[in-house]
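# Chains, contacts and geometry: an overview
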Amino acid sequence: MTKKNILTIIMLLASAALTFTGLYMAFLWAPTHDTMGDVQRIFYFHVASAWVSYLAFGITLLGSLLYLKTNNMKYDILAYSSAEIGVVFCTAAIITGALWAKGVWGVFWIWDDMKLFMTMVLWLVFIAYLALRSNSDPGKARARISAVFGIIGFLCIPLSFAANRIWTQFHPTVIASEGGSLQTTMVQTLVTAVFAFTFLYLGILMMKTDLEITKEELEEIKQEIGDLDG
Amino acid sequence: MINSMLILSLMILASFRFIFKFIDFSETELASPILWITFFFSGMFALAPIYQREVEQGTKEGLMLAPISASSIYFGKFLATFIIILGLNLFSTVVFFAFFAQPMPDMVLLLGIIVLGTIGFTALGNLISAISANLSQSQVMLPVLLIPILLFTVIMTSVEATFQIFDGAVLADLSNGIKLILAFDIIFVASGYLMIDYIIEE
């Protein structure tokens, strides 16, 4: 076992332990919310998945920039792996958010809300990014064009933020209400859930990058065998 | 090719015209989305072949060998497509006013927004078209890549500004929207200029 494998296992174990603790805290330990009731318990993992998806897309941007700068395939693999995990967590955030919204606002989705809108744009941009990856042949050309698209896609996030000037606040602002409606136990539960999902993200990211590197090595070996046969 | 694009614009507007035969919506309120959806889809077909045809006809190598930088190729293609798409959009606008009996808004403002929006659309569309020319199923991939980044930036702002024009806005009301579209134009042209090197290099 290499050092990286051990680190991956530690990450996943930490994530599993924290997830179970988080589940216990979310369902049994944290008090029921005054106004929203039990529906609010989805909040802990909703915020955690949203945070991880933003982190993952940020890493994709970083990987894309580093790839264009250094031409090192390692960064391309990092960007792609992170985007794929990001889309999964973003989907989870959207679904849990919609369930929560149905309970509290009575509808699944409010189009006027800025945070919901931005998350939707991010989700669509990175789904397009994955479609781009799956429709091109592996190699330097794919790495370059997907890095360019990753950067443009991320660039469009602040731009569409500016374009969407309808600024009506339906979405509960977590940070501002920390002192008020969010009790200490709730904050502790939230922090546990966020750490659990961050470790999960790091664990999956390491496994995924390893897998992609192995895939590439396999391709090279296949090429060599093909050359020998030919 | 331009012929078929003109016919496409005509067809899209005709479909919208027939919707209003059955459903009683306010035409003035929906004028702006109808115009921009027509611009978007007919423009997309104008964007699709820009780089694709170079690949298919094998002229890409010639372009690469020419003693010019990649950004010059980008600007050449940008200008050519801009003129074509602007022509298409003006044609669609004329057909629109023929099909939908609308009170004439401030035409100078409307044309101004159309020109500004088209610059942004073409600038980013060119870059995405260069990307999609490298992909399998490039015909499908162009809209897939284009919609999430274009729709929520330049198209959304243009739709809003056009809506205000049909609502009887004057230049002063639109200054924020115009500034925003101008900013998008500059950013998209700059990003095309900077990034095209990475896409068409071999």
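Residues numbered from 1 in each chain as written. Chains lettered and ligands numbered in written order. Predicted model: local features only at pLDDT ≥ 70, side-chain atom pairs only at ≥ 80, totals over all residues. Heavy atoms only, no water.

## So, the overall build of chain B
Across its full length, chain B carries 8 helices and 0 strands. Sequence-ordered secondary structure for chain B, helices as α and strands as β, is α-α-α-α-α-α-α-α. The globule rule puts the C-alpha radius of gyration for 202 residues at 17 Å, and the 18 Å found for chain B is close to it. Overall size of chain B, expressed as C-alpha extent along the three principal axes, is 55 × 35 × 25 Å. Burial analysis of chain B (202 residues in total) assigns 51% to the buried set. Looking at chain B alone, contacts between residues at least 24 apart form 83% of all its contacts between residues at least 6 apart. A total of about 9100 Å² of accessible surface is found on chain B, and carbon and sulfur atoms cover 70% of it. (Helix = DSSP H or I, 4+ residues; strand = E, 2+ residues; numbered from the N terminus. Rg over C-alpha atoms; globule rule 2.2 N^0.38 Å. Buried < 20%, exposed > 50% of the residue type's maximum accessible area, 1.4 Å probe, protein only. Contact = heavy atoms within 4.5 Å. Areas by Shrake-Rupley, 256 points an atom, 1.4 Å probe, with all protein chains shown as cover.)

## Observations concerning the environment of Asp113 of chain A
Summarising the element assignment, Asp113 of chain A is placed in the loop between helix H3 (73-104) and helix H4 (114-134). Through-space distance from the C-alpha of Asp113 of chain A to that of Met207 of chain A is 36 Å; in sequence the pair is 94 residues apart.

## Section: the interface of chain A and chain B
Many analyses report the size of an interface as the accessible area lost when the parts associate. Counting residues at the interface gives 25 residues for chain A and 29 residues for chain B. Here chain A packs against chain B, burying approximately 2500 Å² in sum over the two surfaces, 77% of which is carbon and sulfur. Linking chain A to chain B there are 0 salt bridges. The interface formed by chain A and chain B includes 3 residue pairs in polar contact (both at pLDDT 80 or more). Elements that contribute at least two residues to the side of chain A that touches chain B include exactly H4 and helix H5 (140-163) of chain A. The element best represented in the side of chain A that touches chain B is H5 of chain A, accounting for 13 residues. Among the residues making up the side of chain A that touches chain B, the classes are represented as 18 nonpolar, 5 polar and 2 charged. (Buried area = accessible area lost by both parts, 1.4 Å probe. Salt bridge = Lys/Arg side-chain N within 4 Å of Asp/Glu carboxyl O. Polar contact = N/O pair within 3.5 Å; in protein donor to acceptor, adjacent residues only side chain to side chain. Nonpolar A, V, L, I, M, F, W, Y, C, P; charged D, E, K, R; others polar.)

## As for the pattern of salt bridges
Here the structure, examined in full by the defined rule, presents 7 salt bridges over all chains. Among the salt bridges present, the one from Arg133 of chain A reaches Asp76 of chain A, with a minimum N-O distance of 2.8 Å. Pair noted here: Arg133 of chain A is in helix H4 and Asp76 of chain A is in helix H3, with a separation of 57 residues, a long-range link. When sorted by exposure, Arg133 of chain A lands in the same class as Asp76 of chain A, which is buried. Notably, a salt bridge pairs Glu54 of chain B with Lys77 of chain B, separated by 2.7 Å at the nearest N-O pair. Of this pair, Glu54 of chain B sits in helix H3 (residues 49-56) while Lys77 of chain B sits in helix H5 (residues 70-99); the two residues are 23 residues apart in sequence, bridging distant segments of the chain. There is no split in this pair, since Glu54 of chain B and Lys77 of chain B are both buried. Counted as one network, the salt bridges with shared partners bring together Glu84, Lys208, Glu212 and Lys215 of chain A.

## Topic: the confidence of the model for chain B
In the predicted model, chain B carries a mean pLDDT of 86, and the fraction of residues at 70 or more is 100%. Prediction confidence for the complex, expressed as pTM and ipTM, is 0.86 and 0.85 respectively. (pLDDT = per-residue confidence, 0-100.)

## What to know about the nonpolar core
One finds Phe149 of chain A together with Phe96, Ile128, Ile131, Leu145, Leu150 and Phe188 of chain B to be the most contacted residues of the largest nonpolar core, which totals 103 residues. Among the elements that line this core, the one with the most residues is H4 of chain A, at 13 residues. If we ignore the near neighbours within four places in the chain, the residues touching Ile128 of chain B are Phe149 of chain A together with Leu142, Leu145, Leu146 and Ile149 of chain B. Counting residues in each nonpolar core, the second largest holds 18 residues, with Tyr44, Ala48, Val52 and Phe89 of chain A among its members. (Core = buried A, V, L, I, M, F, W, Y, C linked by side-chain atoms within 4.5 Å.)

## Quick look at the packing of helix H2 (residues 43-70) of chain A against helix H6 (residues 184-229) of chain A
Residues and elements named next belong to chain A. Between H2 and H6, the least distance of the axes is 8 Å, while the angle of their chain directions is 40°. It follows that H2 is oblique to H6 by the angle criterion. For the pair H2 and H6, the crossing hand works out as right-handed. Of the residues in H6, those in contact with Phe43, Tyr44, Phe45, Val47, Ala48, Ser49, Trp51, Val52, Leu55, Ala56 and Ile59 of H2 are Met186, Thr189, Leu190, Ala193, Val194, Phe197, Thr198 and Tyr201. Taken together, the residues of the contact of H2 with H6 break down into 16 nonpolar, 3 polar and no charged. (Axes fitted to C-alpha atoms, helices over the stretch in contact; angles between N-to-C directions. Parallel < 35°, antiparallel > 145°, perpendicular 65-115°, else oblique. Left-handed = near helix turned anticlockwise from the far one by under 90°.)

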